[in-house]
Amino acid sequence: MPRGQTNIGDIAQRLGVSSRTLQRKLAAKNVSHTQLVQRARNELACMYLAENKTRVSVIASRLGYRDASNFSRAFHRWTGQSPLEWRKKFQTTQPTDQSCSHRGTVVHCARS
């Protein structure tokens, strides 16, 4: 994601289809490119935070955010918690009790 691999044109090209064809196929499944990118970021954020070794600023960079502040705001929008609050709760609860959700999509982060 930090390398700009989330551009729909680049993704369509890698898949060997036009951007418009990719957009039509996604629309047929009632999902957009933007929604898929946000879901992927959400899931990866939960996985990185669950590791408890990676700083929030590093996670933000890995996910393509300009800085930790932008990432923290997005994460709060997804979960209602800051990344550090989520991490702390994850560390003190059972793996199935702490989830990361994005507009109805729930991602369960398992501890390693």
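What counts and what doesn't
Residues numbered from 1 in each chain as written. Predicted model: local features only at pLDDT ≥ 70, side-chain atom pairs only at ≥ 80, totals over all residues. Heavy atoms only, no water. Helix = DSSP H or I, 4+ residues; strand = E, 2+ residues; numbered from the N terminus. Polar contact = N/O pair within 3.5 Å; in protein donor to acceptor, adjacent residues only side chain to side chain. Expected span 1.5 Å × (residues − 1). Buried < 20%, exposed > 50% of the residue type's maximum accessible area, 1.4 Å probe, protein only. Arc of directions from axis to C-beta. Phe/Tyr/Trp six-rings, centres within 6.5 Å; stacked < 30°, edge-to-face > 60°. Lys NZ or Arg CZ within 6 Å of the ring centre and 35° of its normal. Core = buried A, V, L, I, M, F, W, Y, C linked by side-chain atoms within 4.5 Å.

(A) Representation of the side chain of Gln81 in the model. Residue placement: Gln81 occurs in the loop between helix H5 (68-79) and helix H6 (83-92). A polar side-chain atom of Gln81 sits 3.5 Å from a polar atom in the side chain of Lys89.

(B) Structural view of helix H3 (residues 33-51). Taking 1.5 Å as the rise per residue, H3 with 19 residues should run 27 Å; its terminal C-alpha atoms sit 27 Å apart, in good agreement. For H3, every residue scored as buried is listed here: His33, Val37, Gln38, Arg41, Asn42, Ala45, Cys46, Tyr48, Leu49 and Ala50. The first or second residue beyond H3 is Asn52, which carries a positive phi of 65°.

(C) Representation of H5 within the structure. Compared with an ideal rise of 1.5 Å per residue, which puts 12 residues at 16 Å, H5 spans 16 Å between its outermost C-alpha atoms and is within 8% of the ideal. Those residues of H5 not exposed but buried are Phe71, Ala74, Phe75, Trp78 and Thr79. Taken end-on, H5 shows its buried residues confined to a sector of 120°, consistent with a single buried face. At the N-terminal boundary of H5, the capping side chain belongs to Asp67, with an oxygen 3.1 Å from the backbone nitrogen of Ser69. Two residues or fewer past H5, Gly80 is found with a positive phi of approximately 80°.

(D) A look at the packing of aromatic side chains. Taken as a whole, this structure holds five aromatic pairs when the rule is applied. Pairing Phe75 with Trp78 gives two aromatic rings, centres 6.1 Å apart and planes at 65°, and the pair type is edge-to-face. Of this pair, Phe75 and Trp78 both sit in helix H5, three residues apart, which is roughly one turn of the helix. Exposure class is identical for Phe75 and Trp78. Each is buried. Through a chain of ring-to-ring contacts, three or more aromatic side chains come together here, namely Tyr65, Phe71, Phe75, Trp78, Trp86 and Phe90. The residue whose ring lies beneath Arg41 is Tyr65, and the NZ or CZ to ring-centre distance is 4.7 Å. If you follow Arg62 out to its NZ or CZ, it ends over the ring of Tyr48, 4.7 Å from the centre.

(E) Layout of the nonpolar core. Core analysis: the largest hydrophobic core is formed by 16 residues, its most contacted members being Leu63, Tyr65, Phe71, Phe75, Trp78 and Trp86. Sorting the residues of this core by element identifies H3, helix H4 (56-62), H5 and H6 as the ones contributing at least two each. Element by element, the count of residues in this core is highest for H3, at five residues. Ala12, Leu22, Leu26 and Val31 belong to the second-largest nonpolar core, a separate cluster that totals five residues.

Taken by themselves, the reported measurements are silent on function.
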